[in-house]
Amino acid sequence: MDDSPREDLGLLVRGVLDYAILMLDTSGHIISWNAGAERIKGWRADEIIGQHFSVFYPPEDIAAGKPERELETALAEGRLEDEGWRLRKDGTRFWANVVITTLYDDAGRHRGFGKVTRDMTERRAAEQALRESEERFRLIVQDVVDYGIFMLDTSGHIISWNAGAERIKGWRADEIIGQHFSVFYPAVDIIARKPERELETALAEGRLEDEGWRIRKDGTRFWANVVITALYDDAGRHRGFGKVTRDMTERRTAERTLGERRRLVGHLVDAQEVERRRIAWDVHDDSIQSMVAVGMRLQLLADRLPEEHREGVRALDESVRAAVGRLRTLVSRLRPPDLDRHGLVVALTGHLEESLPAWGLDYTLRHDLTAEPTSEAAVTGYRICQEALTNVHKHARASRVEVSLSTVDKGTLFRVTDDGVGTAVTGTDPGRDHFGLIEMRERAEAAHGWWSLASSPGAGTTVEFWLPSAPDAQP
Ligand SMILES: Nc1ncnc2c1ncn2[C@@H]1O[C@H](COP(=O)(O)OP(=O)(O)OP(=O)(O)O)[C@@H](O)[C@H]1O
Ligand SMILES: [Mg+2]
């Protein structure tokens, strides 16, 4: 009864593979050896029992008397723990965690030492890798200049500072560490308790993002994007906050300038359309009507005149008719009446029929519109197609053009493809000097759509653009 737990324990010790468990006599000679010891150190029990345990130590430790010192310490203090290099039978080294315990029998006599060794090589390598990666990470954070990255303690005082923070905000680390981070906020924000509220939110929600004005050391302002993250240690204790700040001043200015320019272009384009339509209607209702009336009178007059004058008046009538024809063409170029009356497809068909055969180009128009574009989108789309087709005529040396319209993403996708010589001008940025391309892109973007040109020399050109059917649809 009494023996069985002891036997079990013996079995357990002998069988354990993860730990080398051995006994030394009082002088340090090995008297027992388990399976783990064989696995970790390489010797079989019959090879090692009886040898002195200093065979596990590298020569420099032996020269320094370390094995003996460890036994002395274990004897004096009952126990000793050490980490260091040890040798295997084949001479290779492993990183060992060693615990030596002094053993006494029931009578209190010193009987030797128990020694438990673990192979920590992998763990050590992993820890070292982690340390190195943390160190590298720390160095990156330290040197990043595009972002201000720093830490606050739980009450909001600055405890670390990187190069980016110095560049963006102007303070050196030694000037700012220890101060409260509210120094970065304008007075109105401080009165409104914004810094404190931001920490409270970050703590409650884990993270907070904000954009707003912040103050540099010299008192100037910059437009900042700020992310505050609550930081916890492994035990789950709140340790402070990480703060990442970007200077968005330039981006903000650029976006505003771009927005203003877009609005201006949109306004000009609208004004131009209104003006064209007004001129078209004036010419149509006034000039053309009166000239048609003149033509009719000339005809009546010609009928009543004697033979010798009749031909002259008829010729006059002819030239009035020709002028009316030219004015009609002018009117339809200024503002194709079909666009208002019959919609985009009819107007585009009219334009294609009228122009392309005259330019010696074959064409197809494909459309599967499930929704009619708004009248603004129709005008914009018509104008961009007009310019794209004019470019095909002027530059492409193509034999055919395909125009296609389809309803995509709550808007209309237009494509004008030719089989011509192509161009090196490509992408979404047409460059500075090509105003035809720039105008197409600006028109599309002013209508909240997008525009692009794809081409390569020799391979034809595709102008593709999309216009939303409602101003708030997103591409
Ligand atoms: N379909 C096309 N095929 C080949 N080259 C093209 C095509 N479309 C445009 N290009 C090239 O792109 C250039 C820029 O076109 P863009 O319309 O901006 O200017 P443009 O037609 O020369 O002058 P405009 O300001 O009168 O339109 C053209 O000069 C031409 O070289
Ligand atoms: Mg052009």
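Cut-offs used in this document
- Residues numbered from 1 in each chain as written.
- Chains lettered and ligands numbered in written order.
- Predicted model: local features only at pLDDT ≥ 70, side-chain atom pairs only at ≥ 80, totals over all residues.
- Heavy atoms only, no water.
- Near = heavy atom within 4 Å.
- Polar contact = N/O pair within 3.5 Å; in protein donor to acceptor, adjacent residues only side chain to side chain.
- Areas by Shrake-Rupley, 256 points an atom, 1.4 Å probe, with all protein chains shown as cover.
- Helix = DSSP H or I, 4+ residues; strand = E, 2+ residues; numbered from the N terminus.
- Salt bridge = Lys/Arg side-chain N within 4 Å of Asp/Glu carboxyl O.
- Buried < 20%, exposed > 50% of the residue type's maximum accessible area, 1.4 Å probe, protein only.
- Donors = N, O, S within 2.8 Å, 3.2 Å for Na, K, Ca; no water.
- Contact = heavy atoms within 4.5 Å.
- Phe/Tyr/Trp six-rings, centres within 6.5 Å; stacked < 30°, edge-to-face > 60°.
- UniProt positions renumbered as here; feature names shortened; annotations may be inferred.

You'll find the protein chain entered in an unreviewed UniProt entry as PAS domain-containing sensor histidine kinase, with Amycolatopsis rhabdoformis given as the organism.

This next bit is on the site of ligand 1. Taken together, 14 residues lie around ligand 1, and Asn391, His395, Asp418, His434 and Leu437 are the ones closest in. Contact between ligand 1 and His395: an oxygen atom at 2.7 Å from a side-chain N or O atom of the residue. Between ligand 1 and Thr461 there is a distance of 3.4 Å, counted from a nitrogen atom to a side-chain nitrogen or oxygen. Notes on ligand 1: free accessible area 600 Å², of which the protein chains cover 76%. At the level of secondary structure, the elements contributing two or more residues to the shell around ligand 1 comprise α15 (375–396) and α16 (435–446). When residues in the shell around ligand 1 are grouped by element, the largest group, 6 residues, is from α15.

Within this structure, the stated rule accounts for 42 salt bridges. The closest approach of N and O atoms between Glu47 and Lys89, which form a salt bridge, is 3.0 Å. Here Glu47 is found in helix α3 (residues 45–48), whereas its partner Lys89 is found in the loop between β3 (79–87) and β4 (93–104), with 42 residues between them in sequence. Here Glu47 falls in the partly exposed class, since its relative accessible area comes to 25%. The closest approach of N and O atoms between Glu198 and Arg214, which form a salt bridge, is 3.7 Å. Of this pair, Glu198 sits in helix α10 (residues 194–205) while Arg214 sits in strand β8 (residues 207–215), and the two are 16 residues apart along the sequence. Since its relative accessible area comes to 0%, Arg214 is described here as buried.

Donor atoms from the polypeptide that coordinate the magnesium ion (ligand 2) comprise Glu387 (OE) and Asn391 (OD1), at 2.1 to 2.2 Å from the metal. With Glu387 and Asn391 both in helix α15, this residue pair falls 4 residues apart, about one helical turn. Overall, Asn391 belongs to the buried group, its relative accessible area being 17%.

Counting through the fold element by element, Thr121 comes out in helix α6 (residues 121–143). A residue is classified by how much of its surface remains accessible, and Thr121, at 27% relative accessible area, is partly exposed. Sequence separation between Thr121 and Ala347 is 226 residues, and the spatial gap between their C-alpha atoms is 79 Å. Here Thr121 is in contact with Arg88, Phe94 and Trp95, once residues within four sequence places are set aside.

Okay, the packing of aromatic side chains next. One pass over the structure, following the stated rule, counts 11 aromatic pairs. Ring centres of Phe53 and Tyr57 lie 5.6 Å apart, and the angle between their planes is 90°; this geometry places the pair in the edge-to-face category. For the pair shown, Phe53 and Tyr57 are each scored as buried. Centroid distance Trp213 to Trp223: 5.0 Å. Interplanar angle 85°. Geometry classified as edge-to-face.

As annotated in UniProt, the feature "domain: PAC" (unreviewed entry) corresponds to residues 80–132 and 208–260 in the numbering used here. End-to-end, the C-alpha atoms of residues 80–132 are 29 Å apart, and along that stretch the chain is 23% helix and 57% strand. As annotated, residues 208–260 comprises 23% helix and 57% strand, and the C-alpha atoms at either end are separated by 30 Å.

Although it is not a glycine, Asp409 sits at a positive phi angle of roughly 45°. With respect to the helices and strands, the residue Asp409 is situated in the loop between β12 (400–408) and β13 (411–418). Classification of Asp409 as exposed rests on a relative accessible area of 55%. Residues other than glycine seldom take positive phi values, yet Lys410 does so here, at roughly 55°. Residue Lys410 is classed as exposed on the basis of its relative accessible area of 66%.

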